[in-house]
Amino acid sequence: QVQLVESGGGLVQPGGSLRLSCAASGSIYRIDVMGWYRQALGKQRELVATVTAGGRINYADSVKGRFTASRHNAEHTVDLQMHMLEPGDTAVYYCNAVATSTMWGSRQTYWGQGTQVTVSS
C-alpha cells in the first residue's frame, strides 16, 4: 500500500501564491504518475497537473501559465507551485499517484486526504 500526505493549503488573497507538497510513503516499487486533482464544492473532481516518471507534465488548461508541478522521483514527492490564484481555484486539492507496491503487483491509484485551498479577499 502507498500512503500520500499533502501539505501547504490555506487561505490566500486573489493574485497570491501558494505551494502544495505531497509525499508518498509505504510499500513503493514504482510510481508511474504523480499529480494533483481538485474538487470544488458541488463540482466533480478534476485534473490540475500530472507528472510522469519520465518528467512529462500535463496541465489543465485553466492553470497553464499560473501553476507549476514538479516531481522528485528519488524522494517520492510532487509539488504544485501556484501563482496568480483566482477565486475559481478554491477547492480541496488531492494528491494522486498511480503506483505499484511490489515487483509483481498491479498498478493502483492512490489518493491523499486532501488539503483546502481558499482564494478570497
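Computed from a predicted model, the values in this text were never measured in an experiment. (Residues numbered from 1 in each chain as written. Predicted model: local features only at pLDDT ≥ 70, side-chain atom pairs only at ≥ 80, totals over all residues. Heavy atoms only, no water.)

## A closer look at the nonpolar core
Reasoning step 1: With 30 residues, the main nonpolar core has Leu-4, Met-34, Trp-36, Leu-80, Met-82 and Tyr-93 as its most contacted residues.
Reasoning step 2: Elements with a minimum of two residues in this core: strand E1 (2-7), strand E3 (18-26), strand E4 (30-39), strand E5 (46-52), strand E7 (67-72), strand E8 (77-82), strand E9 (91-100) and strand E11 (115-119).
Reasoning step 3: Sorting elements by how many residues they give to this core places E9 first, with five residues.
Reasoning step 4: If we ignore the near neighbours within four places in the chain, the residues touching Met-82 are Gly-16, Ser-17, Leu-18, Leu-20, Arg-66, Phe-67, Tyr-93 and Val-117. (Core = buried A, V, L, I, M, F, W, Y, C linked by side-chain atoms within 4.5 Å. Buried < 20%, exposed > 50% of the residue type's maximum accessible area, 1.4 Å probe, protein only. Helix = DSSP H or I, 4+ residues; strand = E, 2+ residues; numbered from the N terminus. Contact = heavy atoms within 4.5 Å.)

## Digging into the environment of Thr-52
Reasoning step 1: The residue Thr-52 is located in strand E5 in this model.
Reasoning step 2: For Thr-52, a relative accessible area of 18% translates into the label buried.
Reasoning step 3: Sequence spacing of Thr-52 and Gly-15 is 37 residues, and the spatial spacing of their C-alpha atoms is 29 Å.

## Section: the pairing of E7
Reasoning step 1: The alternating pattern of E7 places Phe-67, Ala-69 and Arg-71 on a buried face, while none of Thr-68, Ser-70 and His-72, on the opposite face, is buried.
Reasoning step 2: Where E7 meets E8, six bridges bridge the pair, whose relative direction is antiparallel. Residue pairing in the sheet places His-72 in a bridge with Thr-77 of E8. (Pairing = 2+ DSSP bridges.)

## Here we look at the environment of Trp-36
Reasoning step 1: If you trace the backbone, Trp-36 turns up in strand E4.
Reasoning step 2: Along the primary structure Trp-36 and Arg-107 are separated by 71 residues, whereas in three dimensions their C-alpha atoms are 18 Å apart.

## Quick look at the pattern of salt bridges
Reasoning step 1: A complete count under the given rule lists eight salt bridges for this structure.
Reasoning step 2: Among the ionic pairs, Arg-107 bridges to Asp-32, the shortest N-O distance being 3.2 Å. Separated by 75 residues along the polypeptide, Arg-107 in the loop between E9 and strand E10 (108-111) and Asp-32 in strand E4 bring together distant segments of the chain.
Reasoning step 3: In this structure, Glu-86 engages Arg-66 in a salt bridge whose closest nitrogen and oxygen atoms are separated by 3.9 Å. Placement of Glu-86 in the loop between E8 and E9 and of Arg-66 in the loop between strand E6 (57-59) and E7 is noted, with a sequence separation of 20 residues between them.
Reasoning step 4: A residue is classified by how much of its surface remains accessible, and Arg-66, at 8% relative accessible area, is buried. (Salt bridge = Lys/Arg side-chain N within 4 Å of Asp/Glu carboxyl O.)

Purely geometric numbers; function is a separate question.
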